[in-house]
Amino acid sequence: MNILILGSGGREHTFAWKIAQSKRLNKLFVAPGNSGTEAIAENLNLSVTDFEGIKTAVIQKNIDLVVVGPEDPLVQGIHDFFLQDEAIKHISIIGPQKAAAELEGSKEFAKEFMMRHNVPTAAYQSFTKETVEAGYKFLESLNAPYVLKADGLAAGKGVLILNDLDEAKAELKSMLVDAKFGNASNKVVIEEFLDGIELSCFVLTDGKDYKILPTAKDYKRIGEGDTGLNTGGMGAISPVPFATKDFLDKIESRIVKPTVEGLKKDNLPYVGFIFIGIIKVGDEPKVIEYNVRMGDPETEVVLPRLKTDLVEILQAMANQTLFEVKIEIDDRAATTIMLVSGGYPETYEKGKKITGLDTIEDSIIFHAGAKFLDGNVVTSGGRVMAITSYGETYHEAIKKSYQSIENLNFDKMYYRKDIGFDL
Ligand code: AMP
Ligand code: GLY
């Protein structure tokens, strides 16, 4: 079959790498892709939210199945766009329809869903411009730290955690009244602060059944020791050492099952990946957030551990026969380290030549913000590439990634040297 992957990050290069290994694949396309995907697939110069352009490409290139990488096209309704068009309604789309994508598109929607289906999560209330005074009162009733979340998509910047009550009130006003995050902060969810260690759980569903993929832990802060600004993710490890069998059973029975059942009860059509951000409070898992896609850089450690043919899985998801598929996982650990442009996540320079790529033997390089220019691979984004390695333990895998990085270079290259420090 012919497959199109939408997106341009390390996540999408990893999907392309895994899909390219399948005997079921005829031709692979990525839109818009990067230098990594260009080496193994045909890149199409299209934005992931250009639905008309994607439709034209799907028809021209005889594409049978589309894997949607990032959340934006899903929240904007790409799946519904296909279903509503006679010419392309038969194409399989991996990603939920718009109504279900609200699990990521609206924090309030996600919280209400969790309440309705008894999924454990932090206590909360939501507020608008009109109820900002009640918001101040609610903040006064809580203990620090205060967690404020813009309801809508805010490019990963919409969550604020503040220690000072007055600062929390000022931020609440700035979000609701001064539209700090534009329309995304028309509503703000204020949450109880949960103290614990986080992990990411990945579920695939065809709307009827589900399968659970390996857990992963990502490192979001730019600085060592988890300090400094939030990023898209600086590294990841799979499996998560503290996710014991007992803890994973709790995640499945209390979170995954009620979530998939809840989607059915609420008539929210879902064929795709569910990424559940979980925090371990004592021995109990609680949901921090839902995402309606795979994580990045978690994908760079989860898919390399998947032994089963990914195209077989994607077809089963689209055909609602997921219950027939056996998911096989590599016992080895996988880790990834992100190389980023100096200055990221604030301003940084692009167009830096990356050297040493041909010398790497013990790791897999997944390109992210990188492109071909005049025969060279050059930087084109903040997160540039993810260096993934396997090991019998995660220590061994991390060591291999760091050894590989010794041979890679570009001007102002930065990476965290402490991935896994807290485990
Ligand atoms: P989110 O965008 O909802 O994933 O939030 C971003 C980050 O904020 C999460 O990964 C957590 O580290 C943190 N966070 C979110 N909600 C809470 C909470 N209720 N308690 C503690 N930390 C939180
Ligand atoms: N690594 C976190 C995310 O993809 O949202």
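Residues numbered from 1 in each chain as written. Chains lettered and ligands numbered in written order. Predicted model: local features only at pLDDT ≥ 70, side-chain atom pairs only at ≥ 80, totals over all residues. Heavy atoms only, no water.

Student: Can you walk me through the overall build of the protein chain in this structure?
Tutor: What the protein chain contains, in helices and strands, is 13 helices and 23 strands. Taking 423 residues into account, the globule formula puts the C-alpha radius of gyration at 22 Å, and the protein chain, at 21 Å, falls close to it. When the backbone C-alpha atoms are referred to their principal axes, the protein chain occupies close to 60 × 50 × 45 Å. Here the protein chain holds 423 residues, and the buried ones make up 58% of them. Across the protein chain, every contact between residues at least 6 apart in sequence was considered, and the portion connecting residues at least 24 apart equals 68%. (Helix = DSSP H or I, 4+ residues; strand = E, 2+ residues; numbered from the N terminus. Rg over C-alpha atoms; globule rule 2.2 N^0.38 Å. Buried < 20%, exposed > 50% of the residue type's maximum accessible area, 1.4 Å probe, protein only. Contact = heavy atoms within 4.5 Å.)

Student: I would appreciate a short explanation of the packing of helix α6 (residues 98-105) against helix α7 (residues 107-116) in the present structure.
Tutor: Each packed pair of helices is defined by two parameters, the angle between the axes and the distance between the axes. Contact pair α6 / α7: the axes reach a minimum separation of 6 Å and the direction vectors enclose 100 degrees. Taken together, the axis directions place α6 and α7 in an arrangement best described as roughly perpendicular. Across from A99, E102, L103 and G105 in α6, the residues of α7 making contact are K107, F109, A110 and F113. Of the residues contributing to the contact of α6 with α7, the split by class is 5 nonpolar, 1 polar and 2 charged. (Axes fitted to C-alpha atoms, helices over the stretch in contact; angles between N-to-C directions. Parallel < 35°, antiparallel > 145°, perpendicular 65-115°, else oblique. Nonpolar A, V, L, I, M, F, W, Y, C, P; charged D, E, K, R; others polar.)

Student: How do you make sense of the sheet that holds strand β5 (residues 92-94) when you look at a structure like this?
Tutor: Adjacent strands of a sheet pair through backbone hydrogen bonds, lying either parallel or antiparallel. Strands sit in the order β3-β2-β1-β4-β5 across an open sheet of 5 strands; the sheet is parallel. Two strands lie at the open edges of the sheet, namely β3 (42-43) and β5, each paired on one side alone. Across 5 bridges, the pairing between strand β1 (residues 3-7) and strand β2 (residues 28-32) is parallel. Of the residues in β2, the one forming a bridge with I5 is V30. This element, helix α1 (residues 10-19), spans β1, β2 and β4 (65-68) of the sheet and lies at about 165 degrees to β1. (Pairing = 2+ DSSP bridges.)

Student: What is the right way to look at the sheet that holds strand β17 (residues 284-291) in this model?
Tutor: Here we have 4 strands laid out as an open sheet, ordered β11-β10-β16-β17, and antiparallel in their pairing. Among the strands making up the open sheet, the edge pair consists of β11 (210-212) and β17. Within this sheet the neighbouring strands show an average axis-to-axis angle of 35 degrees, counted without direction. Sheet topology note: the strand β10 (residues 197-205)/strand β16 (residues 272-281) ladder contains 9 bridges and is antiparallel. What sits directly across from L199, in β16, is I278. Contacting β10, β11, β16 and β17, helix α10 (residues 245-265) runs over the sheet at an angle of about 40 degrees to β17.

Student: Looking at this structure, I do not really get the site of ligand 2. What am I missing?
Tutor: In the neighbourhood of ligand 2, the contacting residues comprise D218, G232, F275, R293, G295, D296, P297 and E298. The contact in question runs from a nitrogen atom of ligand 2 to an N or O atom on the side chain of D218, over 2.8 Å. Residue classes in the shell around ligand 2 are distributed as 2 nonpolar, 2 polar and 4 charged. (Near = heavy atom within 4 Å. Polar contact = N/O pair within 3.5 Å; in protein donor to acceptor, adjacent residues only side chain to side chain.)

Student: Help me out: how do you make sense of a nonpolar patch on the surface in this one?
Tutor: Among the surface-exposed residues, V159, I161 and F193 lie close enough to one another that they form a single nonpolar patch of about 240 Å² accessible area. Summarising the element assignment, I161 is placed in strand β8 (residues 159-162). (Patch = residues over 30% accessible without salt bridge, like charges linked within 9 Å, V, L, I, M, F, W, Y side chains within 5 Å. Areas by Shrake-Rupley, 256 points an atom, 1.4 Å probe, with all protein chains shown as cover. Salt bridge = Lys/Arg side-chain N within 4 Å of Asp/Glu carboxyl O.)

Student: It is not clear to me how the nonpolar core should be interpreted in this structure. Could you clarify?
Tutor: It is characteristic of soluble globular proteins that their nonpolar side chains tend to be buried jointly. Ranked by size, the top nonpolar core spans 50 residues in total, and within it L4, L6, V58, V66, F82, I276 and Y290 carry the most contacts. For this core, the leading source of residues is α10, giving 6 residues. Among residues more than four places away in sequence, those in contact with F82 are I54, V58, I88, K89, I91 and I93. Core analysis: the next-biggest nonpolar cluster, separate from the first, contains 44 residues, V30, I94, A236 and A334 among them. (Core = buried A, V, L, I, M, F, W, Y, C linked by side-chain atoms within 4.5 Å.)

Student: Explain α10 here, please?
Tutor: An α-helix turns once per 3.6 residues; consequently, residues spaced three or four apart project the same way. Taking 1.5 Å as the rise per residue, α10 with 21 residues should run 30 Å; its terminal C-alpha atoms sit 28 Å apart, in good agreement. Within α10, the axis deviates most sharply at E252, by approximately 35 degrees. Every buried residue belonging to α10 is among F247, K250, I251, I255, V256, P258, T259, V260, G262 and L263, and all of these are buried. Buried residues along α10 sit against α6, α7, β10, β11, β16 and β17. Following α10 by one or two positions, N267 has its phi on the positive side, about 55 degrees. (Expected span 1.5 Å × (residues − 1). Bend = angle between axes of the 7 residues up to and from the residue.)

Student: Explain the pairing of strand β21 (residues 376-379) here, please?
Tutor: The side chains of a regular strand alternate between both faces of the sheet. Relative to β21, strand β20 (residues 370-373) runs antiparallel, the two sharing 4 bridges. The partner of F372 across the bridge, within β21, is V377. Hairpin remark: β20 followed by β21, antiparallel, with 2 residues in the connecting loop; positive phi at D374, about 50 degrees.

Student: Just checking my understanding: could you explain the environment of P269 for this structure?
Tutor: Mapped onto the secondary structure, P269 falls in the loop between α10 and β16. Given a relative accessible area of 33%, P269 falls into the partly exposed group. In the structure, P269 is positioned 173 residues away from P96 in sequence and 6.4 Å away in space, judged by C-alpha atoms. If sequence neighbours within four positions are ignored, P269 has contacts with P96, Q97 and A100.

Student: Mind showing me how you'd approach the pattern of salt bridges here?
Tutor: Pairing between side chains of opposite charge can happen when their charged atoms approach one another. Applying the stated criterion across every chain yields a total of 30 salt bridges. When the shortest N-O distance is used, the salt bridge between R116 and D266 registers 2.8 Å. With R116 in helix α7 and D266 in the loop between α10 and β16, the pair connects residues that are 150 residues apart, well separated along the chain. On the accessibility criterion, R116 (47% relative accessible area) is partly exposed. Given a relative accessible area of 24%, D266 falls into the partly exposed group. Several salt bridges converge on common partners, so that one network encompasses E349, K352, D411 and K412.

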